[in-house]
Amino acid sequence: MQYDVIVIGSGPGGYVAAIRCAQLGLKTAIIEKYNTLGGTCLNVGCIPSKALLDSSEHYHNAAHAFTDHGIRLDNLKVDFGRMIKRKQEVVDANTSGITYLMKKNKIDVHTGVGSFKDKNTISIKKADGTETEITGTNVIIATGSKPSALPFIKTDKKRIITSTEALTLTEVPKHLVLIGGGVIGLELGSVYARLGAKVSVIEFMDSIIPTMDKSLGKELQKVLQKLGMEFYLGHKVTGATVKGKEVTVTFDDPKGEKKELKGDYCLVAVGRVAYTDGLGLDKIGITIEERGRKIPVNDHLETSVKGVYAIGDVIKGAMLAHKAEDEGTLVAEIIAGQKPHIDYNLIPGVVYTWPEVAAVGQTEEQLKAAGVKYKTGSFPFKASGRARASGDLDGFVKVLADANTDEILGVHMIGPRAADMIAEAVVAMEYRASAEDISRMSHAHPTYTEAMREACLAATGNRAIHI
């Protein structure tokens, strides 16, 4: 079978690339090794974790916040089996939706492991061992990533687990020891903390969510401590062993002293690594980067082999589903002869704890390192009428603007619905808006987004009204 475009991998980058190619009139095929489409994001990542985050937040509010609203519940309990079943129902609905989109756009779906025979020929090995071949003028590699491992810790996937197994536990842990204070670990850690687990976080860096603005990490840590989560920052994990149903995690504190924690589960969440196994890249002359196993690409996301592109987690940059989607669209349009662009500085990052954390643009640390003169304005949600009404008083919005031009350089927020609110900042920065521009735009009252306006007011000469 001959195609204009073959996409290997059906995650957010892959299936979006395939759909956009089909929309542009290109005969398209997509290859997925699993029986369901959607990749990590829909099956064992973004979607199932958000389903559990929402379920656990409902329980936590019922247990701790409903009485403030005049709602009393007796004999409240967690039906964890039903919670996990609902999570799977959400996953199934989303993955079946992708199957529908493939049919709607007349995209051929091939199930099996795809590998290069040459730059235009892909061999597909099916689960039963049989192989077929398809050819394409262009190939897009969108094989995503898998959880990173620590070489000195063996994940048995029963007691020492990754994020994948954390989504399918059969019980709420009594004590979850979490290695890694990044986005994935904190989201899953907060799920189980809300459901009653003791959660201990061991992080090598001196702050959680270390790639984001430090003010966000400090505030999020305070919030998560209210849930009962405990943090060991600047600590280096040295090992983890299982004996029966008990896991012992050993680590060194900042002074080099030995410590250990015992729990019934240990979640290793130290990031993700590009998944390129079995692609046969060596057959077509592509050499992956040793660090992170990334595939090198040019500005058009084309590899060193003409007509072979790579997108998403397998190339440089943040491992985000929406980044992969944008890259999938970009490559499809380049193949079709268009001239699209992506501004990587304006791809937002989000942590789906509660309150949510979201950011776009430059951090204070980055601006200081670059010697950029900037001004800052912030507004706390405890001064927001809408947040007061809903009881979501933790967090703030911080706006960083150029000291001379007032152009917004970065927006960092932690608070209710920050994941949705950050879109206003992205739009503003895409059009190079100034803080004053946003401060003079009418924002509906009462809304959480008023905090964005107030932060911009604060950045333009300490003009915030409600503080």
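Placed above this text is the structure.
Now for a description of the structure that goes with this document. The structure displayed is predicted, hence computed values, not measured ones.

Before going further, it helps to spend a moment on the pairing of strand 6 (residues 131-141). Bridge count between strand 1 (residues 2-8) and strand 6: 6 bridges; the pairing is parallel. Counterpart to I8 in the pairing with strand 6 is I141. Here strand 5 (residues 121-125) runs beside strand 6; their pairing, made up of 5 bridges, is antiparallel. When the bridges of strand 6 are listed, K125 appears paired with E131.

Our next topic: the sheet that holds strand 19 (residues 356-361). If you walk across this open sheet you meet the 5 strands as 18-19-22-21-20, and the pairing is antiparallel. At either end of the open sheet lies a strand with only one pairing partner, and these are strand 18 (349-351) and strand 20 (374-380). The mean angle between the axes of side-by-side strands here comes to 10°, regardless of whether they run parallel or antiparallel. In the sheet, strand 18 pairs with strand 19 via 3 bridges, with the strands oriented antiparallel. Within strand 19, the residue paired with V350 across the bridge is A358. Here helix 11 (residues 418-430) sits on the sheet and contacts strand 18, strand 19, strand 21 (396-402) and strand 22 (408-415); the angle it forms with strand 19, its principal contact strand, is near 10°.

The subject of this paragraph is helix 3 (residues 46-64). The first and last C-alpha atoms of helix 3 sit 26 Å apart over 19 residues, in line with the 27 Å expected at 1.5 Å per residue. Of the residues making up helix 3, those classed as buried are P48, S49, A51, L52, L53, S55, S56, E57, H60 and A62. Elements in contact with the buried residues of helix 3: helix 2 (39-44), helix 4 (80-104) and helix 6 (183-194).

On to the sheet that holds strand 12 (residues 236-243), then. One open sheet accounts for 3 strands, arranged 12-13-14; its pairing is antiparallel. A strand with exactly one partner marks an edge of an open sheet, and here the two such strands are strand 12 and strand 14 (258-263). For this sheet the average axis-to-axis angle between neighbouring strands, irrespective of direction, equals 20°. When strand 12 meets strand 13 (residues 246-252), the two strands line up antiparallel, connected through 7 bridges. Bridge assignment links T241 to a residue of strand 13, and that residue is T248.

Criteria and cut-off values
- Residues numbered from 1 in each chain as written.
- Predicted model: local features only at pLDDT ≥ 70, side-chain atom pairs only at ≥ 80, totals over all residues.
- Heavy atoms only, no water.
- Pairing = 2+ DSSP bridges.
- Helix = DSSP H or I, 4+ residues; strand = E, 2+ residues; numbered from the N terminus.
- Axes fitted to C-alpha atoms, helices over the stretch in contact; angles between N-to-C directions.
- Contact = heavy atoms within 4.5 Å.
- Expected span 1.5 Å × (residues − 1).
- Buried < 20%, exposed > 50% of the residue type's maximum accessible area, 1.4 Å probe, protein only.

Spatial relationships are all this shows, so hold off on functional conclusions.
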